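Per-entry structural report
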Amino acid sequence: MTSRRPTKPYWSQSQAELFAELATSGSGLAQEDAIRRVVRFGENRVAEQRSAGVAALLFRQYQSPLVLILIFGALVSLALGDWTDALLILAIVFGSTLLGFAQEYRASEALKRLRDRLALRVKVLRGGRTCTIESRKVVPGDVLLLSAGNIVPADGVVIAARDFLVSQAALTGESFPVEKAPGLSVPNSALQQRSNAVFLGSSVRSGTARVLVTRTGRNTEFAAIAGRLADAEPVTDFERGVRRFGYMLTRIMTGIVIFVITVNLLLDRPLVASLLFAVALAVGLTPELLPAIVSVTLSAGARRMSKRGVIVRRLEAIENLGSIDVLCTDKTGTLTRGVVELTSSLDPGGSPSDLVFRYAAINSCLETGIENPLDAAIVEKARRRGVGTSDVRKVDEIPYDFLRKRLTIVVDDGKPDGTHLMLTKGAFDNVISCCKEVAGRPVGREFDAALLAGLQALYEARGAEGYRVLGLASRRIQAQPAYTRADESDMTFEGFLLFFDPLKEDIQDALTDLSRLGIGVKIITGDNRHVAEHVAKSIGLGGARILTGRQLTETNDEALWHLAETTDVFAELDPQQKERIVRALQHRGHAVGYMGDGINDAPAMHVADVAISVDQAVDVARESADIVLLQRDLNVLRVGVLDGRRTFANTFKYVAITTSANFGNMISMALGTLIVPFLPLLAKQILMNNFLSDIPAVALSTDNVDRGATQHAQRWDIGSIRRFMLVFGLMSTAFDLLTFALLLEVFDASEPLFQTTWFVVSLLTELAALLVLRTHLPVWQSRPSRLLVASAATISVIAVCLPFVDFAARGFGFVPLPAHLLLSALAIVALYAAVTEIAKRLFYAEPSRRLG
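Residues numbered from 1 in each chain as written. Predicted model: local features only at pLDDT ≥ 70, side-chain atom pairs only at ≥ 80, totals over all residues. Heavy atoms only, no water.

**With respect to the overall build of the protein**
Within the protein, the secondary structure is distributed over 29 helices and 22 strands. Evaluated residue by residue, the protein yields a buried proportion of 55% over its 852 residues. By element, 56% of the accessible surface of the protein is carried by carbon and sulfur atoms, the whole surface being about 35700 Å². (Helix = DSSP H or I, 4+ residues; strand = E, 2+ residues; numbered from the N terminus. Buried < 20%, exposed > 50% of the residue type's maximum accessible area, 1.4 Å probe, protein only. Areas by Shrake-Rupley, 256 points an atom, 1.4 Å probe, with all protein chains shown as cover.)

What follows is the structure, encoded as structure tokens:
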């Protein structure tokens, strides 16, 4: 968005025109002006936060066709003068939807608070000074300072750049990064042809740039595309499971409802009462609080995980985190302490060299590209040794990228011959490839096989000792205004830089713990194979198979599918190769977690089942992550996996137990229409039963989980839910039929007495099933949560007392139960609980029947 209507597209205007139109300058906006513009243009958001839509969230509770049919039926009863029934049905519907709304609203607010902790921050110029602000505070006229790893927070034009490559595949579909530079693009150019413009949602792959912001929030290109694709977001495995579950219920519900309506009409029962009864049956089968239960269970898990240093950016990722069986991770900071130290600066012969350190210090202190621990280690060592850069002047920089794997700084060191000094450091192979001679050797002597073999041997020997080894080269070059990658040639190899990052003391215990959870760890790194091999041996993977990037290039996809499973260490990889490995593991049926923090990890994180990053990661990695760790620690991740599995287990409990109980009741009522000479329960009684039984079900989100349920990955299995529903649902139906027989044949119960007794028995058996079936263990060996026990006990007391409360009896058609009938009902419930416990032991005797 611009300050006034532009005469032509911003990408075709000169910098002077844009500065005038946006009332800004190359020094950026004044702080006061920026604050006013936030008020004027709004915050830099593509869309309003969903959690702010309280009315929309409440309205969503009433979008269920079943709820709308119930409301319609209640209105018909109202029109026919049956005020009591109509108002009771509306009250129960309102209570159920309000319960769902309260739980979902609480969940959405909790997620919003967690996301706010990870708000994206960007560097801008304000009044000529660099400051860091939240991306939502970026306004038109701001000047952004972008570097490798940053996410572009708004649309704008490049006003200064150095080897600035941007990945904009999300907007244009281009597979490779494109270079952006100051200039003009023609007014009618397509998005991918605007070489001077960057767009919200793209990411910086290499280089640095200053960008003048022209459009923010909903006026960006990304917002326009996102609006068109709003309904095309990928469906997660968790969502697919819920959807398949919904389809299964719909088929069952449709058949039974048609059967019940047909039977009631054939028996000449009242149309409105029959319709309400059938719809109430459908509601009884449907776990209508499932969205709320899923939201509250996942959000409760997210809150619990946040207290342990695991921030969930996407709730559905909790299920995916619990389901992973392969974790791909780099070694730095995860297997090692992440405290990199420069231990030695060596000349080509392997002797300590102050000159090599001096050159390395100049290179690292003056670079402005990717922040990384290696440069930080050099800068810290230079500070401690008092080595500065005041005697040189930076002329140019050729930033690091993942193709060259090297960084070059050009300085003017005051030589009278008018030459500049070019200093390059990076991966040994990539530095040596641009050298023609070695320091300390006769000038003009080019590399021969023996010389190269000696350098290679020293590099491999130090790598095998666990050192990260970089090469450093220099070149005295005739001064020129600017330098390019082509100038990185004819250099002199100066020596080696050795870095060391010790292993974490408890890393072997952490890996053992993950293995016990069924999670295999694979090291995926850009480091050389010798360092990776040393780390693998140190953590107990002495016989580990190692695959390098070069070997991977020569391996087709079919071969990689098999190699990926049997290889523990992948070294010398580029970003695309990391992605290939993840895809190969997924092809073999593995659920893959990928833990990364760098630009080169983003492609692999995008395709992984769950992307994991750390709070200190570069923007593009952190924004790609589903899970963010506040500490780079596998023990923290292990805790997250366990929490994910607990959360999924409790969600699955609700689905399986509630569905089986409701299915049994629905079959019972359907058969009851044939056996019983009146409606087994009134519609309002069914709805009240369903409402009361849902209250303890909400408490399942706090329930304790059996240890065995967290020791292996769990996935949605509709087949196991179906078997569970049939076995325990039909067993519930058998006890309902027993109750029918006792009431009709033994006690000769009247219609109100029959309905009251079965209401109590039905509700109590549901609560008994909840407490018995919540665990695979014998019920006395698994302690439920306090909230679950308290809510179940409270509803049990309400169920028994409700027929004796005058207003409830009159409103719902209940009658007080005689003592002998109440005792008989309680005896049936106790027998049901005992038989259910026995049936559960038999059901779970076969491992293939275990839920999840």
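**Digging into the environment of threonine 553**
With respect to the element layout, threonine 553 can be found in helix H18 (residues 549–553). Threonine 553 gets classed as exposed once you look at its relative accessible area, which sits at 59%. Sequence-wise, threonine 553 and glutamine 577 are 24 residues apart; in three dimensions their C-alpha atoms are separated by 8.0 Å. A polar contact of 2.9 Å, which involves the side chain of threonine 553, links it to the backbone oxygen of glycine 549. (Polar contact = N/O pair within 3.5 Å; in protein donor to acceptor, adjacent residues only side chain to side chain.)

**Notes on the pattern of salt bridges**
Under the definition given, this model contains 33 salt bridges. Residue arginine 580 is joined to aspartate 557 by a salt bridge in which the shortest nitrogen-to-oxygen separation is 3.0 Å. Of this pair, arginine 580 sits in helix H20 (residues 575–587) while aspartate 557 sits in helix H19 (residues 557–566), placing them 23 residues apart in sequence. Taking relative accessible area as the criterion, arginine 580 reaches 24% and is therefore assigned partly exposed. Since its relative accessible area comes to 41%, aspartate 557 is described here as partly exposed. In this structure, arginine 583 engages glutamate 579 in a salt bridge whose closest nitrogen and oxygen atoms are separated by 3.1 Å. Remark: glutamate 579 and arginine 583 occur in helix H20; sequence separation between them is 4 residues, near one turn of the helix. Judged by relative accessible area, arginine 583 falls into the partly exposed class, the value being 45%. Salt bridges sharing partners connect three or more residues here, namely Glu43, Arg45, Glu134, Arg136 and Lys137. (Salt bridge = Lys/Arg side-chain N within 4 Å of Asp/Glu carboxyl O.)

**Comments concerning the nonpolar core**
Proteins that are soluble and globular tend to have nonpolar side chains buried together. Within the largest apolar cluster, 68 residues are counted, with the highest numbers of intra-cluster contacts made by Trp716, Phe724, Phe728, Phe754 and Phe759. If you tally residues by element for this core, the top one is helix H26 (residues 751–773), at 13 residues. Of all hydrophobic cores here, the second largest spans 64 residues; its members include Leu298, Leu321, Ile524 and Leu573. (Core = buried A, V, L, I, M, F, W, Y, C linked by side-chain atoms within 4.5 Å.)

**A few points about the packing of H19 against H20**
Between H19 and H20, the least distance of the axes is 8 Å, while the angle of their chain directions is 80°. Considering their axes alone, H19 and H20 lie roughly perpendicular with respect to each other. Of the residues in H20, those touching H19 at Asp557, Leu560, Trp561, Ala564 and Glu565 are Arg580, Ile581, Ala584, Leu585 and His587. Its residues assigned to classes, the contact of H19 with H20 shows 6 nonpolar, 1 polar and 3 charged. (Axes fitted to C-alpha atoms, helices over the stretch in contact; angles between N-to-C directions. Parallel < 35°, antiparallel > 145°, perpendicular 65-115°, else oblique. Contact = heavy atoms within 4.5 Å. Nonpolar A, V, L, I, M, F, W, Y, C, P; charged D, E, K, R; others polar.)

**Quick word on helix H16 (residues 507–516)**
Ile507, Ala510, Leu511 and Leu514 are the residues of H16 that are buried. Around the axis of H16, the buried residues are gathered within 95° of arc, so they sit on the same side. In H16, those exposed residues whose orientation departs by more than 90 degrees from the buried face are Asp509 and Arg516. On its buried face, H16 sits against strand E9 (326–329), strand E17 (520–524) and helix H23 (634–675). (Arc of directions from axis to C-beta.)

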